[in-house]
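# Summary of structural features
So you can see what is in the structure, the chains are spelled out below.
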Amino acid sequence: MSRNVVRGKTIADWQEQVPLLKDIQATKEVFWINPNKENFQTASEKATFSKKDVDEADARLARFAAYLAAEFPETRPTNGIIESPITEISNMKTYLEETYHETIKGNLWLKRDDLLPIAGTIKARGAIYEVLKHAEDLALEHGLLTSIEENYAVFASEKFRAFFSNYKITVSTTGNLGISVGVVGAKLGFEVIVHMSVEAKQWKKDYLRSQGVVVIEHASDFTKAVTKGRQESDLDPMSYFVDDEHSEDLFLGYTVAANRLKGQLKEKNILVDADHPLFVYLPCGIGGSPGGITFGLKQIYGDNVHCFFAEPTHVPSMLVGLLTGEYDGVTVKDFGLDGLTVADGLAVPRTSGFVAKVLEDFFSGSYTIDDHQTYELLSTLIDQEEIYLEPAALAGVPGSVRLFQSAAGKKYLQDHHLADKMDQATHIAWATGGSMVPKEDMDLFYQQGQKTEKVV
Ligand SMILES: *Cc1c(COP(=O)(O)O)cnc(C)c1O
C-alpha cells in the first residue's frame, strides 16, 4: 500500500470527508462530539453486553475477595476488594478556572485509581479480573474447585499454586497491563510472560522481573508487540493470552468500577439524575478501560451520565478509528502521526475494534491533549493538591474546561438541554495511575512540568 493511500482513499480524500482530520494530523488539540451516540434505551438494545454481565463480573470479584485479602495485605482495608477513593479537587478547579479564564460550573472530583491496591493503575481492574477468571475456569474445569460457593481462599494454597505452575499466561503491553497481569498471575503460580513494546519504561521491566515474570523486550510499537505475543502464545496449548485488543473479560472487569462508584457517590450525597448530570473524563489508550467504565456507568445512570475520552494529540487512535469509520482498520501512523507521547499508558496506535463498535453508541465524545499540557497539569496537581499522577492519568483533568470552552462542547450542552443545569453538575476526572512511578521518574516529570509554559 502506498504511503498516501489509506483503506483505498488518499489522505486528501479523507480530509475532505472528515475535515477534523486536518487538525488531528497537525497535532492540534481538538474536542469532538460523537454524532453516533444513541439514547441509552436504543444503545442498550443494540449492545452485545448487558447489566447482567456487569453484575456477574462484580460477583466474581466478590468471590475472589477472600483470596485477594489473604495474598495481598494492601487489600485488607477494603476486605479484598480492589477499589480507589474519590477526592474533590477544589484547588485544582480554581487553578484551571483562573488559567483558562473559564468557569467550571458544578464540582470537580478525581477518581483515584492511582491508589488502587496491588498495581496502582486502572489496569488492576480489568487485568486482575481476567487473570482471576482464567484461574477460576481452570480450577472448575479440572475439579480443583467443585462449586463457585466454595471459599476462594483455597486459591492461595500450595495445591492450587502447583496446579497453576503447569500453565502460562502471556500478555503484550506498553507496561501497566503487564504489571497487573504479572503480579497476580505470578502470585497464583502461573508462569507469566510479558512482551513489552518500545514505550515501556525501564522501571516497569525491572519491577516485573523482580516479581518472577519473564519480560521479552521488543524494539517496535505496541501493535507489533501484540502480534508477536499472540503468535507465541497460540503455539503453546498451555498458554493463555490476555488480549488487550479483543478481550471481553478485560472489558467486563473494567465495567465493575461503575457499581462501586455508585456507592461512593451515594455516600458523599452526590445526586445524579436529569437535573444533576454526571460528566466523566477518561484517559483512552486502546479503549478498554474508558469503554468498560462508560458501559458500566450507562447501565446505572443512563442518559444522565456523559462520558468523554481523552487521548494524546500524537496518538488519537479511538478518534481516528471512529472518525474514519474504519475502527481498528486504521492506525494513527496511517495519518502521518508519530504515535509518540509522554503518556506511555495511552501510546496505542490502533484502537480496539470491538470496544470502538460497542461504545460508539454510548460515549459522548472525545478530545485530545498535548504533551506540554500533560506535563504542566502533572506538576500543577502536585502543587495544588499534592497528588502525584503518571502522565497518562492527567488526560481527564482538563476535560471540564474543554467542555465549557469549546464550541462543540457548548453545543453539546445546549442540544442536551443541560446548559442551565450545570451548576448542579458533578465532573469526575478519572486518574488512571501514578503511585507506582519511582520517585526519580516523578521528579523529572515535575521539573519538566515546571519548565513548561502555560498553554492557554
Ligand atoms: C492503559 C491505561 C489507560 C487506558 O486504558 P485503555 O484500556 O488502554 O484505553 C489509561 N491510563 C493508564 C495509566 C493506563 O495504563
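Residues numbered from 1 in each chain as written. Predicted model: local features only at pLDDT ≥ 70, side-chain atom pairs only at ≥ 80, totals over all residues. Heavy atoms only, no water.

A few words on the packing of helix 7 (residues 123-141) against helix 9 (residues 176-188). Closest axis-to-axis distance for the helix 7/helix 9 pair is 8 Å, and the angle between their directions is 35°. Crossing angle aside, the handedness with which helix 7 passes helix 9 is right-handed. Residues Lys 123, Ala 124, Ala 127, Ile 128, Val 131, Leu 132 and Ala 135 of helix 7 form the contact with helix 9, whose participating residues are Asn 176, Leu 177, Ser 180, Val 181, Val 184, Gly 185 and Leu 188. (Axes fitted to C-alpha atoms, helices over the stretch in contact; angles between N-to-C directions. Helix = DSSP H or I, 4+ residues; strand = E, 2+ residues; numbered from the N terminus. Left-handed = near helix turned anticlockwise from the far one by under 90°. Contact = heavy atoms within 4.5 Å.)

Among the secondary structure elements, Arg 63 is positioned in helix 4 (residues 51-63). For the pair Arg 63 and Trp 109, spaced 46 residues apart in sequence, the C-alpha to C-alpha distance is 30 Å. Discounting chain neighbours no more than four positions away, the residues touching Arg 63 are Glu 136, Ile 148 and Tyr 152.

Our focus in this paragraph is the nonpolar core. Counting 146 residues, the largest nonpolar core has Leu 96, Phe 155, Phe 164, Leu 188 and Phe 279 as the members making the most contacts within it. Ranked by residue count, the leading element in this core is helix 7, at nine residues. Taken domain by domain, the makeup of this core includes at least three residues from each of domain 1 (5-119 + 252-451) and domain 2 (123-248). Residues within four places of Leu 188 in sequence aside, it is in contact with Tyr 67, Val 131, Leu 132, Ala 135, Phe 155, Phe 160, Arg 161 and Phe 164. Membership of the second largest hydrophobic core comes to five residues, among which are Phe 222, Val 226, Phe 241 and Ile 286. (Core = buried A, V, L, I, M, F, W, Y, C linked by side-chain atoms within 4.5 Å. Buried < 20%, exposed > 50% of the residue type's maximum accessible area, 1.4 Å probe, protein only. Domains from an automatic or database assignment.)

Before going further, it helps to spend a moment on the site of the ligand. Around the ligand, 15 residues are found, and the nearest of them are Lys 123, Asn 176, Gly 285, Gly 287 and Thr 432. Contact distances for the ligand include 2.8 Å between an oxygen atom and a backbone N or O atom of Gly 287. Measuring from a nitrogen atom of the ligand, one finds a side-chain N or O atom of Thr 432 at 2.7 Å. Out of a free accessible area of 380 Å², the ligand has 99% covered by protein chains. Among the detected pockets, the ligand sits in the largest cavity. Of the residues assigned to the shell around the ligand, the class counts are six nonpolar, seven polar and two charged. (Near = heavy atom within 4 Å. Polar contact = N/O pair within 3.5 Å; in protein donor to acceptor, adjacent residues only side chain to side chain. Areas by Shrake-Rupley, 256 points an atom, 1.4 Å probe, with all protein chains shown as cover. 1 Å grid on protein atoms, 1.4 Å probe; cavity = no way out; pocket = protein on both sides within 12 Å on 5 of 7 lines; lining within 4 Å. Sits in = over half its atoms within 2 Å of the grid points. Nonpolar A, V, L, I, M, F, W, Y, C, P; charged D, E, K, R; others polar.)

As a further point, take the pattern of salt bridges. For the coordinates displayed, the defined rule picks out 27 salt bridges. We note a salt bridge from Glu 29 to Arg 402, for which the minimum N-O separation is 3.6 Å. Residue Glu 29 is found in the loop between helix 2 (20-25) and strand 3 (31-33), and its partner Arg 402 is found in helix 18 (residues 399-405); the two are separated by 373 residues along the sequence. Classification of Glu 29 by relative accessible area gives partly exposed; the value is 34%. Here Glu 136 makes a salt bridge to Arg 63, at a shortest N to O gap of 2.9 Å. Taken together, the residues Glu 136 in helix 7 and Arg 63 in helix 4 connect sequence positions 73 residues apart. Note on Glu 136: relative accessible area 1%, which makes it buried. Through salt bridges with shared partners, one network takes in Glu 83, Lys 111, Asp 113, Arg 125 and Arg 260. (Salt bridge = Lys/Arg side-chain N within 4 Å of Asp/Glu carboxyl O.)

On to the domain arrangement of the protein chain. Once the domains are mapped, the protein chain shows domain 1 (5-119 + 252-451) and domain 2 (123-248). The gap between the C-alpha centroids of domain 1 and domain 2 is 25 Å. Contacts between the two partners involve 42 residues from domain 1 and, on the opposite side, 36 residues from domain 2. Buried area between domain 1 and domain 2, summed over both chains or domains, comes out near 3,800 Å², and the portion from carbon and sulfur atoms is 63%. Among the residues of domain 1 in contact with domain 2, Arg 63, Phe 64 and Tyr 67 are the three that bury the most area, contributing 17% of the side total. Taken together, the links from domain 1 to domain 2 amount to seven salt bridges. When the shortest N-O distance is used, the salt bridge between Asp 344 and Lys 204 registers 2.9 Å. (Buried area = accessible area lost by both parts, 1.4 Å probe.)

We now examine empty space enclosed by the protein. Under the defined criterion, the tally for this structure stands at four cavities of 30 Å³ or more. Contributing elements (two or more residues each) for the lining of the largest cavity: helix 9 and helix 14 (288-301). Ranked by the residues each element gives to the lining of the largest cavity, the list is headed by helix 14, at three residues. For the lining of the largest cavity, the residue count by class is 11 nonpolar, 11 polar and three charged. Composition of the lining of the largest cavity by domain shows at least three residues from each of domain 1 (5-119 + 252-451) and domain 2 (123-248). (Points joined across faces, edges and corners; volume = space filled by probe spheres on them.)

Time to look at the packing of aromatic side chains. Here the structure, examined in full by the defined rule, presents 26 aromatic pairs. Where Tyr 67 meets Phe 155, the ring centres are 6.3 Å apart and the plane angle is 70°; that geometry is what we call edge-to-face. One end of the pair, Tyr 67, is in helix 5 (residues 65-71); the other, Phe 155, is in the loop between helix 7 and helix 8 (158-164), with 88 residues separating them in the sequence. For the pair Tyr 67 and Phe 155, a shared accessibility class is recorded, and that class is buried. One aromatic cluster is present, built from ring pairs that chain together Phe 64, Tyr 67, Tyr 152, Phe 155, Phe 160, Phe 163, Phe 164, Tyr 167 and Phe 190. Over the face of the ring belonging to Phe 72 we find Lys 187, whose NZ or CZ atom lies 5.3 Å from the ring centre. (Phe/Tyr/Trp six-rings, centres within 6.5 Å; stacked < 30°, edge-to-face > 60°. Lys NZ or Arg CZ within 6 Å of the ring centre and 35° of its normal.)

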